[in-house]
Amino acid sequence: MARERGKVAIIGAGSVGTSVAYATLIRRSARTVAIYDLNAPKVEAEVLDLAHGTQFTGAAAVTGGADLGVIANAEVVVITAGARQKPGQTRLDLAATNVAIIRDLIPAVIEQAPDAVYVLVTNPCDVLTVAAYEAAGGAVPAGRFLSSGTVLDSSRLRWRLATEAGVMPSSVHAMMLGEHGDTEFPVWSAATIGGVPIRDWRQSDGTQPFTPEYLEQIAHDTAHAAYQVIAGKGATNYAIGLAGARIIEAILQDQHAVLPVSGVLDGAYGLHGVALSLPAVVGAEGIVRTIELPLDEAEQAALQHSAQTLIASGQSLGLSMGAAGGATA
């Protein structure tokens, strides 16, 4: 089956799935958005609501339903289906339930859209990226399985730094890497504002706001930002919707954009068979290649700690995490 040019399929019509759909429409990221969900009345209502606004978005089509055939031949399949993270619950606590869902779902999704790039947004997205790749049984290259990883976390980090520095977030270059979760970490050694290393940034009065203590607090707050949102409103959805649309654009437009997505590693930093976020070149075939930043000693240790946390979680669920030769990009 040939891919339908510009078609994005979204699995799951919950708050995250519909936010990805909405962001994709208003950013004009795709020609067609198709939403699938088992709850027919819910998904049909969401499709209708979105379709009513297409006069203002210029989108070609919005479709969907409870028949998986609606995703047929999509270029990108975004998976948001699964149990939702509850207040006080870590992303890894969700693993067992959502791994089972992914194992059942992936073969059917591949049958409908065999040439797609599959983007995992459901948490814990790193573990589920490996589960999805393994569920494909080698039928799909590892590079076509990726998750939103720390794209959103990096946006949170840049927003926080920009707010403190009094500049636009687009002027800040900084990334969170590792697990999309409690063990993620910022790469301060490569972080800059307008080309100035973050530790050397001075305010207009000459003060240096980004002390080691303050950077440590920012790192903690960024890694735990989702918990604050979940405690207040029950879910995170708007920002991840925008992050998902950004990833979709990189794939559909074959941008070769560098984004901190999570993919199954095969040798980067000596890691194999585990998925976590590193800067990656993202294009029409998914992850084109992974970039190894020159991390300092503390960052190297943080990366290995994050990887080992994910490997332990994956192995406890029967995944081949940490196995050499586990991926072929």
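Preceding this section is the structure that the text describes.
Throughout what follows, the structure given in this document is the object of discussion.

The rules behind each value
Residues numbered from 1 in each chain as written. Predicted model: local features only at pLDDT ≥ 70, side-chain atom pairs only at ≥ 80, totals over all residues. Heavy atoms only, no water. Helix = DSSP H or I, 4+ residues; strand = E, 2+ residues; numbered from the N terminus. Rg over C-alpha atoms; globule rule 2.2 N^0.38 Å. Buried < 20%, exposed > 50% of the residue type's maximum accessible area, 1.4 Å probe, protein only. Contact = heavy atoms within 4.5 Å. 1 Å grid on protein atoms, 1.4 Å probe; cavity = no way out; pocket = protein on both sides within 12 Å on 5 of 7 lines; lining within 4 Å. Points joined across faces, edges and corners; volume = space filled by probe spheres on them. Nonpolar A, V, L, I, M, F, W, Y, C, P; charged D, E, K, R; others polar. Axes fitted to C-alpha atoms, helices over the stretch in contact; angles between N-to-C directions. Left-handed = near helix turned anticlockwise from the far one by under 90°. Pairing = 2+ DSSP bridges. Arc of directions from axis to C-beta. Polar contact = N/O pair within 3.5 Å; in protein donor to acceptor, adjacent residues only side chain to side chain. Core = buried A, V, L, I, M, F, W, Y, C linked by side-chain atoms within 4.5 Å.

### Focus: the overall build of the chain
Part 1 of the argument: Each helix and strand counted, the chain has nine helices and 16 strands in total.
Part 2 of the argument: Expected size for 329 residues packed as a compact globule is a radius of gyration near 20 Å; at 19 Å, the chain falls within 12% of this value.
Part 3 of the argument: Expressed along its principal axes, the backbone C-alpha trace of the chain runs to roughly 60 × 45 × 35 Å.
Part 4 of the argument: Relative to its full complement of 329 residues, the chain shows a buried share of 54%.
Part 5 of the argument: Nonlocal contacts in the chain, meaning residues at least 24 apart in sequence, comprise 71% of its contacts between residues at least 6 apart.

### Focus: the layout of surface pockets
Part 1 of the argument: Counted as a void, the largest pocket has a volume near 770 Å³.
Part 2 of the argument: Lining the largest pocket are 29 residues, with Val-151, Leu-152, Ser-154, Ser-155 and Arg-156 positioned closest to its centre.
Part 3 of the argument: Sorting the residues of the lining of the largest pocket by element identifies α5 (151–165), α6 (212–223), α7 (225–233), α8 (238–252) and β12 (257–259) as the ones contributing at least two each.
Part 4 of the argument: Grouping the constituent residues of the lining of the largest pocket by class yields 15 nonpolar, seven polar and seven charged.
Part 5 of the argument: The calculated volume of the second largest pocket comes to roughly 490 Å³.
Part 6 of the argument: Around the second largest pocket, the lining comprises 31 residues; the ones closest to its centre are Val-16, Thr-80, Arg-84, Asn-123 and Thr-236.
Part 7 of the argument: Elements supplying a minimum of two residues to the lining of the second largest pocket: α1 (15–26), α5 and α7.
Part 8 of the argument: Here the residues of the lining of the second largest pocket sort into 12 nonpolar, 14 polar and five charged.

### Details of the packing of helix α3 (residues 95–112) against helix α4 (residues 125–135)
Part 1 of the argument: Two numbers describe how α3 lies on α4: the axes approach to 9 Å, and their chain directions differ by 35 degrees. At the point where α3 passes α4, the crossing takes the right-handed sense. In contact with Asn-98, Val-99, Ile-102, Arg-103, Ile-106 and Pro-107 of α3, α4 contributes Val-127, Leu-128, Ala-131, Ala-132 and Ala-135.
Part 2 of the argument: For the contact of α3 with α4, the residue count by class is nine nonpolar, one polar and one charged.

### Focus on the sheet that holds strand β10 (residues 192–193)
Part 1 of the argument: With antiparallel pairing, three strands are arranged side by side in an open sheet as β7-β10-β11. The sheet is open, and its two borders are formed by β7 (172–173) and β11 (196–197), each paired with just one other strand.
Part 2 of the argument: As paired strands, β7 and β10 are joined by two bridges and run antiparallel to one another. Bridge pairing in β10 links Val-172 to Ile-193.

### Thoughts on α7
Turn by turn, an α-helix covers 3.6 residues, leaving residues three or four places apart pointing in a common direction.
Part 1 of the argument: Of all the residues in α7, the buried ones are Ala-225, Ala-226 and Ile-230. Buried residues in α7, looked at end-on, bunch into an arc of 130 degrees, giving them a common side. In α7, the exposed positions that point more than 90 degrees away from the buried face belong to Gln-228, Ala-231 and Gly-232.
Part 2 of the argument: Downstream of α7 by a residue or two, Gly-234 has a phi angle that is positive, lying close to 95 degrees.

### Comments concerning the environment of Ser-316
Part 1 of the argument: Position of Ser-316 among the secondary structure elements: in helix α9 (residues 297–316).
Part 2 of the argument: The class of Ser-316 is exposed, set by a relative accessible area of 58%.
Part 3 of the argument: Placed 19 residues apart in sequence, Ser-316 and Glu-297 show a C-alpha to C-alpha distance of 29 Å.
Part 4 of the argument: For Ser-316, the side chain forms a polar contact with the main-chain oxygen of Ser-313, separated by 2.6 Å.

### Things to note about the sheet that holds strand β1 (residues 7–11)
Part 1 of the argument: Strand order in this open sheet of eight strands is β3-β2-β1-β4-β5-β6-β13-β14, and the pairing throughout is mixed. Edge positions in the sheet fall to β3 (61–65) and β14 (272–277), since each has one partner strand and no second. When strand polarity is set aside, the average angle formed by the axes of neighbouring strands in this sheet is 25 degrees.
Part 2 of the argument: Examined bridge by bridge, strand β5 (residues 117–120) and strand β6 (residues 145–147) share three bridges and lie parallel to one another. Along β6, the bridge assignment pairs Leu-120 with Ser-147.
Part 3 of the argument: Sheet strands in contact with α3 are β1, β4 (76–79), β5 and β6, and its direction is about 165 degrees off that of β4.

### Describing the pairing of β14
Part 1 of the argument: Burial analysis of β14 places five of its six residues in the buried class, the great majority of the element.
Part 2 of the argument: Where strand β13 (residues 262–266) lies against β14, four bridges are found, and the strand directions are antiparallel. If you follow Ser-262 over to β14, its bridge partner there is Ser-277.
Part 3 of the argument: Hairpin connection between β13 and β14: a loop of five residues separates the two successive antiparallel strands, and Gly-267 in this loop has a positive phi of roughly 125 degrees.

### With respect to the nonpolar core
Part 1 of the argument: If you look at the biggest cluster of nonpolar residues, it comprises 50 residues, and the most contacted ones within it are Ile-11, Val-77 and Phe-145.
Part 2 of the argument: Mapped by element, the contributors of at least two residues to this core are β1, β4, α3, β5, α4, β13, β14 and α9.
Part 3 of the argument: With residues near it in sequence (within four places) discarded, Phe-145 still touches Ile-106, Ile-110, Tyr-118, Thr-129, Ala-132, Tyr-133, Ala-136, Val-140, Ser-262 and Gly-263.
Part 4 of the argument: Ranked by size, the runner-up nonpolar core spans 35 residues in total, among them Val-121, Ile-240, Ala-250 and Val-282.

Nothing here speaks to function; it is geometry throughout.
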